[in-house]
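Here's the letter readout for the chains.
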Amino acid sequence: MAEETKPAAPANFKVTIDNISIEVAPGTTILNAARTIGGDVTPPAMCYYSKLQGSGGKCRTCLVEVSKGSEKDPRPMPKLVASCRTTVMDGMEVKNMTSAKVADARNGVVEFLLINHPLDCPICDQAGECHLQDLGYEHGKEGTRYDFKRREFEKEDIGPYIQLHMTRCILCYRCTYVADQLTDKRVHGILDRGDHAEISTYISKAIENDFSGNMIDVCPVGALTDKTFRFKNRVWFTKPVYAHRNCENPDCCGKATLWLRGDEVFRVTVRKDEWGEVKSYDGKPGWICNTCRFDKKHTSDWTIEGLADINRHSVIGQGKYPGLVVPKETMKEVMGGRDPKLLMDINTVSGVNNPDIDLSKINRPAHSDDFKPNPTVSN
């Protein structure tokens, strides 16, 4: 008697998200399926990072409603599920932006995240590229019901290049995954539990690994900041350009984003995709080493490729014109070829910068003394 053959599983699963149907490979999460569609259909994510194994499931901002489990079992899932950890089934139907339950739950999640997060955006170096800012603007509420004292931590130096503001941390765990999977000796992690949980290093230890700077790039808020960039400029005043160099470190891709102000390189970061994650090259994440990030701060160290891809809705993208659509500069023609910045010594008027100091060349945080007017100039 011939054995009964089971029907072969479909090569791809059909899933419908916000009334848009697509086909994805089995094992794909709802979040990654939504990312293939893009736009507002994609749930936000604060802790999930596709390049870091084990990430996700912490922040709950990517909750979605599954109104139909699958073609074989059409019953809806009783609760909202984390889309970054839930895989699709054939025939599954998901609601994200079309669900009132999701909108209400996401408002609550944002409110919880902001319970202890200080609203110090005006002085935070992450302002303008902060995922929590975007999340609060798009899914948050106008106020908070929390009347208790927020938890506070002292600022902590966890290495020669990184400043830790634990008060801003939302415990997404991304930096610990970077340390686990990218460095050879992890000396920091999560201490304590519950509302006492915090990121810190082992006693008397500092993070000195050659790839530790990537922790700054994966942090979705301003908890981990670059000491060599702190208080020197705002990101929307800088111009991001793609550049590359032949790095001697075999694990460094050598492809980075330079943030320029004129010809000065104020900081160097990895190249990021539309989801705020590091781009991949040849199937591998494009991490960069600390030498490229912190030591190569001259344009002569790099081969400039062109303007970085910035979302036009981002505050960083304002006034950044690619290719040949740059407005014609007429100031030099009118002034006989002289550079506009030479027409007036703004330091004698505003006292903003010390004219003898290039902020981009200071390998430390900016200090108030760096912004005092030149004492040799008389008012």
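Residues numbered from 1 in each chain as written. Predicted model: local features only at pLDDT ≥ 70, side-chain atom pairs only at ≥ 80, totals over all residues. Heavy atoms only, no water.

Caption draft 1: Spotlight on empty space enclosed by the protein. Enumeration according to the criterion identifies three cavities of 30 Å³ or more in this entry. Quantified by volume, the largest cavity comes out at close to 80 Å³. Along the wall of the largest cavity there are 14 residues; nearest its centre are Cys169, Cys175, Ile199, Cys219 and Ala223. For the lining of the largest cavity, a count of residues per class yields 13 nonpolar, no polar and one charged. Roughly 50 Å³ of volume is contained in the second largest cavity. (1 Å grid on protein atoms, 1.4 Å probe; cavity = no way out; pocket = protein on both sides within 12 Å on 5 of 7 lines; lining within 4 Å. Points joined across faces, edges and corners; volume = space filled by probe spheres on them. Nonpolar A, V, L, I, M, F, W, Y, C, P; charged D, E, K, R; others polar.)

Caption draft 2: Inspection of the nonpolar core at higher detail. Of all hydrophobic cores here, the largest spans 50 residues; its most connected members are Leu132, Met215, Val221, Leu224 and Leu258. For Val221, the contacting residues outside a window of four places in its chain are Met46, His117, Gln126, Cys130, Leu132, Arg168, Cys169 and Ile170. (Core = buried A, V, L, I, M, F, W, Y, C linked by side-chain atoms within 4.5 Å. Buried < 20%, exposed > 50% of the residue type's maximum accessible area, 1.4 Å probe, protein only. Contact = heavy atoms within 4.5 Å.)

Caption draft 3: Local environment of helix α2 (residues 100-116). Three or more residues of α2 are buried, namely Val102, Arg106, Gly108, Val109, Val110, Glu111, Leu113 and Ile115. Lining the buried residues of α2 we find β3 (63-68), β5 (92-95) and α3 (131-139). Between the side-chain oxygen of the N-cap and the backbone nitrogen of Lys101 there are 3.3 Å, and the N-cap of α2 in question is Ser99. (Helix = DSSP H or I, 4+ residues; strand = E, 2+ residues; numbered from the N terminus. Polar contact = N/O pair within 3.5 Å; in protein donor to acceptor, adjacent residues only side chain to side chain.)

Caption draft 4: Representation of the sheet that holds strand β10 (residues 224-226). The sheet built from three strands is open, its strands ordered β6-β7-β10 with antiparallel pairing. The sheet is open, and its two edges are formed by β6 (156-157) and β10, each paired on a single side. The pairing of strand β7 (residues 162-164) with β10 spans three bridges and is classified as antiparallel. The residue of β10 that forms the bridge with Ile162 is Asp226. (Pairing = 2+ DSSP bridges.)

Caption draft 5: Quick look at the confidence of the model for the protein chain. Mean pLDDT over the protein chain: 84, with 84% of residues reaching 70 or higher. Between the elements of the protein chain, mean pLDDT differs from a low of 48, seen in helix α8 (residues 346-350), to a high of 96, seen in strand β4 (residues 81-82). Across residues 343-347 the pLDDT falls below 50, and counting only partners more than four positions away or on other chains, this stretch makes nine contacts in the model. (pLDDT = per-residue confidence, 0-100.)

Caption draft 6: Fine view of the environment of Cys247. As for its position among the elements, Cys247 is in the loop between β11 (239-244) and β12 (255-261). The spatial distance from the C-alpha of Cys247 to the C-alpha of Cys292 is 7.5 Å, given a sequence separation of 45 residues. Apart from residues no more than four positions distant in its own chain, Cys247 is found in contact with Cys252, Gly254, Cys289 and Cys292.

Caption draft 7: Seen up close, unusual backbone geometry. At Asp18, a residue that is not glycine, the phi angle is positive and equals roughly 50°. At Phe231, a position not held by glycine, the phi torsion is positive, near 65°. Here Phe231 is to be found in the loop between β10 and β11. Its relative accessible area of 41% is what places Phe231 among the partly exposed residues.

Caption draft 8: Examining the packing of aromatic side chains more closely. Evaluation of the coordinates by the stated rule reveals three aromatic pairs. Ring plane angle 20° and centroid distance 6.3 Å describe the contact between Tyr49 and Trp287, whose orientation is recorded as stacked. Taken together, the positions of Tyr49 in the loop between α1 (30-37) and β3 and Trp287 in the loop between β15 (284-285) and α6 (290-295) put the pair 238 residues apart, joining distant regions of the chain. Measuring from centroid to centroid gives 4.0 Å for Tyr161 and Phe294, while their planes differ by 5°, and the two rings are stacked. Remark: Phe294 occurs in helix α6 and Tyr161 occurs in the loop between β6 and β7; sequence separation between them is 133 residues. For Phe294, a relative accessible area of 3% translates into the label buried. The lysine or arginine in question, Lys58, covers the ring of Tyr173, its NZ or CZ lying 5.1 Å from the ring centre. Of note, Lys255 hangs over the ring of Tyr281, and the distance from its end group to the ring centre comes to 5.4 Å. (Phe/Tyr/Trp six-rings, centres within 6.5 Å; stacked < 30°, edge-to-face > 60°. Lys NZ or Arg CZ within 6 Å of the ring centre and 35° of its normal.)

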